[in-house]
Amino acid sequence: DQGAILLSRVSSAFRAMNAALAAAQKPASPTSKPTAGAARKSSKTPAVAKPAKAKVKPVEAVTVDTETLRKRFANLLQAPVTAQTFAQLRKARFSADVRAAIVVLVAAAMDQLVISHRGALQPFKGKPIQLRPLVAGRPTNRGEEKLLNIGRIKDLQNIKGEIRHQANVHGSKLSRKLRGAVVSLVESILVPNVAFDPAETTSRRESARQAIRKRAQHFVKGQVLIRDGDPITKDKLRIVAAMAQTQ
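This is a predicted model, so every value here is computed, not measured. (Residues numbered from 1 in each chain as written. Predicted model: local features only at pLDDT ≥ 70, side-chain atom pairs only at ≥ 80, totals over all residues. Heavy atoms only, no water.)

Draft legend 1. Layout of the pattern of salt bridges. Counted by the stated rule, this structure contains three salt bridges. We note a salt bridge from Glu67 to Arg70, for which the minimum N-O separation is 2.5 Å. With Glu67 and Arg70 both in helix 2 (residues 66-77), this residue pair falls three residues apart, about one helical turn. For Arg164, the salt bridge goes to Glu187, with nearest N and O atoms at 3.0 Å. Taken as a pair, Arg164 in helix 5 (residues 156-170) and Glu187 in helix 6 (residues 176-189) lie far apart in primary sequence, 23 residues in all. (Salt bridge = Lys/Arg side-chain N within 4 Å of Asp/Glu carboxyl O. Helix = DSSP H or I, 4+ residues; strand = E, 2+ residues; numbered from the N terminus.)

Draft legend 2. Region of interest: the packing of helix 1 (residues 2-23) against helix 2. Where helix 1 contacts helix 2, the axes come no closer than 8 Å and their chain directions differ by 155 degrees. If you check the angle between helix 1 and helix 2, you find them roughly antiparallel. For the pair helix 1 and helix 2, the crossing hand works out as right-handed. When helix 1 is examined against helix 2, the residues Arg9, Val10, Ser12, Ala13, Phe14, Ala16, Met17, Ala20 and Leu21 are found in contact with a partner set consisting of Leu69, Arg72, Phe73, Leu76 and Leu77. (Axes fitted to C-alpha atoms, helices over the stretch in contact; angles between N-to-C directions. Parallel < 35°, antiparallel > 145°, perpendicular 65-115°, else oblique. Left-handed = near helix turned anticlockwise from the far one by under 90°. Contact = heavy atoms within 4.5 Å.)

Draft legend 3. Layout of the side chain of Arg70. We classify Arg70 as buried; its relative accessible area is 18%. With residues up to four places along the chain from it excluded, the contact list for Arg70 reads Val81, Thr82, Ala83 and Phe86. (Buried < 20%, exposed > 50% of the residue type's maximum accessible area, 1.4 Å probe, protein only.)

Fair warning: the whole summary comes from geometry, so function is off the table for now.
Structure follows, in structure tokens:
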């Protein structure tokens, strides 16, 4: 299932980025502020200045290289990721909201029948086509589906248009720039889940031809094969040609 594969890549990529950013967080060295002024002298017990509490806050290590992370992210997704898109995702720290929006958009797109270009369907316009499920290029135990309406199959351009519209709903919590980055990422990782199989089509056509048995046709002497005004079909021409060869 192509959709499941894409969602698995998204999960792996986000986990890797979350782990990388978490590892880059380290506590700063404790620092204390000096006490203003010297302690006043007294004949009694001398005053002791209380040291200021050390403030510790996490800072991102400078060793984390954005370009290295971007390339790793793209490799895990097996898709191109622009520097601008990655910058927005990193700024959001690959949050759960961002990941949820991407997962919903990818799942909705891949739940449909998607082909690279609808031009490939032109030879089958008005004809039923057989859908054969494959996993890793091999047939599965799932039954084939006879598709009577090829209008159910959409191309990538149609799907990308739907994604931009759906992002406004599923990414409503995100900023406009971040939502744009999510759309850009989803568009880059989507792939067709329907493809024409010429080899299988040719094989099935040949099998169908061989399955058709020739049956003999019988005619009686004097039988009229073609009446005056009747259209001359290919079948009638073959009959006449066959009878001529037997004379």
